[in-house]
Every structure is written in C-alpha cells, then in structure tokens.
Amino acid sequence: MRADKPRSWHIGVIGGSGLAAGIALDDAQDIAVSSPFGAPSGPVTTGRLGGVRFTFIARHGAGHRIPPAAINYRANIDVLKRCGVTDLLGLSAIGSLREDMAPGSFVAVDQFIDRTSGRENSFFGPGLVAHVGLADPVCPRLAVLAGAAARRAGAEVYPAGCYLTIDGPQFSTRAESRLYRAWGADVIGMTAMPEARLAREAELPYALLGMVTDWDAWREGAAGVEAADIIAVMHANAALAREAVRALAASLPPVREPSPIDRALDSAIITAPDAHDPRLIARLDAVAARLFGERE
Ligand SMILES: CSC[C@H]1O[C@H](OP(=O)(O)O)[C@H](O)[C@@H]1O
Ligand SMILES: Nc1ncnc2[nH]cnc12
C-alpha cells in the first residue's frame with residue numbers, strides 16, 4: 001500500500017475506563033487478532049459507522065481486568081494496524097490539574113509528559129534501531145476533527161492540553177500533584193504513554209480525547225481521588241463519548257488525504273541494512289509493512 005495516495009478512512013478507537021463496552025457499530029464483528037508482540041487487551045470489534053470503517057479495542061480488556069502498567073500497548077497497536085486502521089483515537093479518563101478544566105469537560109490532548117518506567121515503549125530494538133520524531137505527538141488533523149465532533153455531541157471541549165502519564169496504579173500524592181502543575185501539565189492519567197509513542201512508530205496519526213473525571217489531589221482542603229468517583233463520572237459521560245465518535249464518523253472528509261505521519265519511519269531507521277535482524281523485521285510485518293513488506 002502506498003502511503004502517499006488518498007485512501008479511505010479506517011478509524012481505530014482505543015476505549016479506556018468506563019468504555020469497555022465499546023461503541024455501537026453497524027455490521028459489527030468481534031475478531032481475535034494475534035500479534036507477534038503478545039496478547040492484546042482482547043478481541044477487536046470491527047464494523048462501520050455512517051459508512052466509515054471503525055475498529056475498537058478496550059484498553060483494559062473486558063471487565064477492566066488489566067491495570068495500566070500491564071497493558072500490552074504494543075500488541076494493541078499492532079493488531080489495530082494489522083486490521084488496516086489508518087488513524088487512531090484514544091479515549092481516556094483524566095484527572096484535571098487546572099482550575100478551569102472541570103470534571104465533565106473534554107480535552108483534545110496535544111502534548112505529553114512521560115513519568116512511566118519499565119513499559120515496553122518501542123516496536124524497535126537491537127537489530128533495527130529507529131528514532132521517530134515526537135515533538136508533536138498528536139495528529140493535528142485528527143485532534144481537531146475529534147474535538148469538533150465532541151463539541152457537536154454536546155461536550156465542553158478544551159482544544160489543547162498537556163497530559164502527564166504516571167505509572168499508577170495508585171493515584172498521586174498531593175505533593176506530586178502540585179509538582180506536575182508546576183511542570184505545566186494540565187491533565188493526568190496512566191495510559192497515554194507509551195500508547196502515543198507506539199502509534200507514531202506504527203505510522204498511525206493519533207489523537208487523544210480525554211474526559212475529565214476529577215481534580216486529582218492538588219486542591220487545598222479537597223478530598224483525594226477515588227476510583228469509584230471516576231467511574232461514576234465516566235459512566236455519566238460514556239454516552240457523550242460514544243456520540244462524539246458517531247459525530248466524528250459523520251464529519252470525516254470523504255477521502256483521507258495523506259498525513260506526514262503516514263511516513264514517520266522514512267528517516268527514523270538508522271541501522272544499516274546489512275545489520276538488520278531478520279527476526280525483528282518479521283515481527284514488524286504489520287507495523288512497518290510499508291518499509292519491509294516486500295523488500296526483506
Ligand atoms: C479508573 S480510574 C484510573 C484509570 O483510568 C484511566 O484509564 P484510561 O486512560 O484507560 O481511561 C487512567 O489512566 C487509569 O488507568
Ligand atoms: N487523577 C487521576 N490520576 C491518574 N489517572 C487518572 N484517571 C482519571 N483520573 C486520574
């Protein structure tokens with residue numbers, strides 16, 4: 001498949017907390033897709049919304065079984081790419097680090113700070129070294145479309161925000177929460193990294209619609225975060241998130257023009273061809289099909 005020709009949209013959706021039940025798709029089919037990177041969070045559901053192909057995966061698995069640090073982010077993105085997804089939208093519960101971003105509002109995240117450690121954060125490695133650019137980790141086209149769709153669905157949407165990713169599973173201390181505010185982070189969660197990194201390596205334009213569920217722990221005199229409160233807000237907002245996805249489907253231009261992110265790997269791989277590890281190349285049959293599909 002050439003990346004520089006217009007093609008049809010195929011939107012991958014990674015549904016987070018409160019969204020494991022997925023989105024209602026026409027002609028939906030559940031498919032267990034296997035990945036050389038291990039087990040994904042579960043089967044994908046693929047189908048159509050208003051004529052556009054969508055494929056959904058629940059980030060934490062059915063019944064929210066998988067904690068943030070144990071999610072196989074590589075496998076999730078690999079199977080979505082394997083299904084032919086062209087663009088990837090993450091939906092996430094987030095805590096607010098700002099007075100104005102109140103619970104119930106949505107944020108089209110545009111930057112990340114990564115405080116995670118020990119998560120598999122690259123498809124590449126010894127035998128195939130790649131350094132993709134991540135200065136602008138979110139696809140502006142998809143972020144604008146997703147933000148506008150959420151607004152049309154009735155949400156209050158902030159068009160930008162910096163998401164700080166912690167490992168969790170515990171929520172932050174008050175001191176950490178204040179520190180993250182001082183760093184300039186706007187919202188906090190446990191899953192956007194390495195998801196956004198891996199999407200870029202897989203040449204998938206990525207956007208993240210965060211749904212603010214709480215104020216985290218920085219507010220003087222306020223109670224700390226409770227998971228049950230987050231889930232209650234998420235349940236109240238899940239219909240809005242699903243409506244936003246429907247509105248996104250309705251608003252996509254008929255043809256998907258190429259994105260520069262479709263070619264993110266063009267200048268990223270620095271290992272000499274004669275030093276390539278064929279086993280790693282084989283594992284990248286979906287992620288880097290554009291580069292290695294026919295050549296090696
Ligand atoms: C259930 S509260 C904490 C949990 O919610 C967020 O997950 P997701 O981004 O998948 O919606 C947060 O990152 C934590 O994993
Ligand atoms: N305050 C918070 N911290 C981390 N992850 C979250 N997900 C939703 N709210 C959160």
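Quick note: structure is the one above.
Source: prediction; values computed, not measured.

Participant: Can you help me understand the site of ligand 2 in this one?
Facilitator: Close to ligand 2 lie Ala93, Ile94, Gly95, Phe171, Ile188, Gly189, Met190, Thr213, Asp214, Asp216, Val225 and Ile230. The separation between a nitrogen atom of ligand 2 and a polar side-chain atom of Asp214 is 2.6 Å. Contact with the protein chains hides 95% of the accessible area of ligand 2, taken as 260 Å² for the molecule alone. Listed by contribution, the elements that provide at least two residues to the shell around ligand 2 are strand S5 (87-96), strand S10 (187-189) and strand S11 (206-214).

Participant: Just to check I follow, could you spell out the packing of helix H2 (residues 140-153) against helix H5 (residues 227-251) for this structure?
Facilitator: Helix-helix packing: each pair is described by the crossing angle between the helix axes and the interaxial distance. H5 packs onto H2 with a crossing angle of 120 degrees between their chain directions and a minimal axis gap of 8 Å. In terms of orientation, H2 lies oblique with respect to H5. With respect to the hand of their crossing, H2 and H5 are arranged in right-handed fashion. Where H2 abuts H5, its residues Leu145, Ala146, Ala149, Ala150, Arg152 and Ala153 lie against Leu240, Glu243, Ala244, Ala247, Leu248 and Ser251. For the contact of H2 with H5, the residue count by class is nine nonpolar, one polar and two charged.

Participant: Even after reading the chapter, I still don't get the site of ligand 1, so can you show me in this structure?
Facilitator: The full set close to ligand 1 counts 13 residues, and Ser17, His60, Ser92, Met190 and Thr191 are the nearest of them. Between Arg59 and ligand 1, the recorded distance is 2.8 Å, taken from a side-chain N or O atom to an oxygen atom. In this structure, an oxygen atom belonging to ligand 1 sits 2.8 Å away from a side-chain N or O atom of Ser92. When the free accessible area of ligand 1 is taken as 390 Å², the share hidden by the protein chains comes to 93%. Mapped onto the shell around ligand 1, the elements with two or more residues apiece are S5 and H5. Here the shell around ligand 1 is composed, by residue class, of six nonpolar, six polar and one charged.

Participant: Would you explain the pairing of strand S1 (residues 10-15) in this entry?
Facilitator: Where a strand is regular, its side chains alternate between the two sheet faces. Of all six residues in S1, six are buried, a share of seventy percent or more. Side chains His10, Gly12 and Ile14 of S1 all project onto a buried face; the interleaved residues Ile11, Val13 and Gly15 project onto the opposite face, where all are buried too. Two strands pair when backbone bridges link them, and S1 and strand S4 (residues 52-58) are joined in this way by six bridges, in the parallel orientation. In the strand pairing of S4, Gly15 is matched with Ala58. Bridge count for S1 against S5 is five bridges, and the pairing is parallel. Within S5, the position partnered with Gly12 by the bridge is Leu88.

Participant: In this structure, what is going on with the pattern of salt bridges? I would like to understand it.
Facilitator: Should the charged atoms of two oppositely charged side chains come close, the side chains can pair. Here the structure, examined in full by the defined rule, presents 17 salt bridges. Close ionic contact of Arg82 with Asp285 constitutes a salt bridge, the shortest N to O distance being 2.7 Å. One end of the pair, Arg82, is in helix H1 (residues 73-82); the other, Asp285, is in the loop between helix H6 (278-283) and helix H7 (289-292), and 203 residues separate them in sequence. With relative accessibility at 42%, the residue Asp285 sits in the partly exposed group. Where Glu203 meets Arg290, a salt bridge forms, and the shortest distance between an N and an O atom there is 2.6 Å. Here the residue Glu203 occupies a position in the loop between helix H4 (192-201) and S11, and Arg290 occupies one in helix H7, the gap between them amounting to 87 residues. Connected through salt bridges with shared partners, the residues Arg7, Asp87, Arg256 and Asp262 form a single ionic network.

Participant: I tried to follow unusual backbone geometry on my own but got confused; where do I start?
Facilitator: Glycine aside, negative phi is the norm for most residues, and most peptide bonds take the trans geometry. In this structure, the amide linkage connecting Gly168 to the following residue, Pro169, adopts the cis form with an omega of 0 degrees. As for its placement among the helices and strands, Pro169 is situated in the loop between strand S9 (162-165) and helix H3 (174-182). The omega angle of the peptide bond from Met193 to Pro194 is 10 degrees, so this bond is cis rather than trans. Within the secondary structure layout, Pro194 lies in helix H4. The backbone of Asp27 shows a phi angle near 50 degrees, a positive value even though the residue is not glycine. In this structure, Asp27 sits in strand S2 (residues 26-31). Located in the positive-phi region is Asp216, a residue other than glycine, with phi close to 50 degrees.

Participant: Honestly, the packing of aromatic side chains in this entry has me stumped. Any pointers?
Facilitator: The description of an aromatic ring pair uses the distance of the two centres, along with the angle that the planes make with each other. With the rule as written, the count across this model stands at four aromatic pairs. Residues Phe37 and Phe123 carry aromatic rings whose centres are separated by 5.0 Å and whose planes lie at 70 degrees to one another, so their mutual orientation is edge-to-face. Taken together, the residues Phe37 in the loop between S2 and strand S3 (44-49) and Phe123 in the loop between strand S7 (111-114) and H2 connect sequence positions 86 residues apart. What makes Phe123 buried here is its relative accessible area of 0%. One Lys or Arg, Arg181, reaches over the ring of Trp218 and ends 3.8 Å from the middle of that ring.

Analysis parameters
- Residues numbered from 1 in each chain as written.
- Chains lettered and ligands numbered in written order.
- Predicted model: local features only at pLDDT ≥ 70, side-chain atom pairs only at ≥ 80, totals over all residues.
- Heavy atoms only, no water.
- Near = heavy atom within 4 Å.
- Polar contact = N/O pair within 3.5 Å; in protein donor to acceptor, adjacent residues only side chain to side chain.
- Areas by Shrake-Rupley, 256 points an atom, 1.4 Å probe, with all protein chains shown as cover.
- Helix = DSSP H or I, 4+ residues; strand = E, 2+ residues; numbered from the N terminus.
- Axes fitted to C-alpha atoms, helices over the stretch in contact; angles between N-to-C directions.
- Parallel < 35°, antiparallel > 145°, perpendicular 65-115°, else oblique.
- Left-handed = near helix turned anticlockwise from the far one by under 90°.
- Contact = heavy atoms within 4.5 Å.
- Nonpolar A, V, L, I, M, F, W, Y, C, P; charged D, E, K, R; others polar.
- Buried < 20%, exposed > 50% of the residue type's maximum accessible area, 1.4 Å probe, protein only.
- Pairing = 2+ DSSP bridges.
- Salt bridge = Lys/Arg side-chain N within 4 Å of Asp/Glu carboxyl O.
- Phe/Tyr/Trp six-rings, centres within 6.5 Å; stacked < 30°, edge-to-face > 60°.
- Lys NZ or Arg CZ within 6 Å of the ring centre and 35° of its normal.

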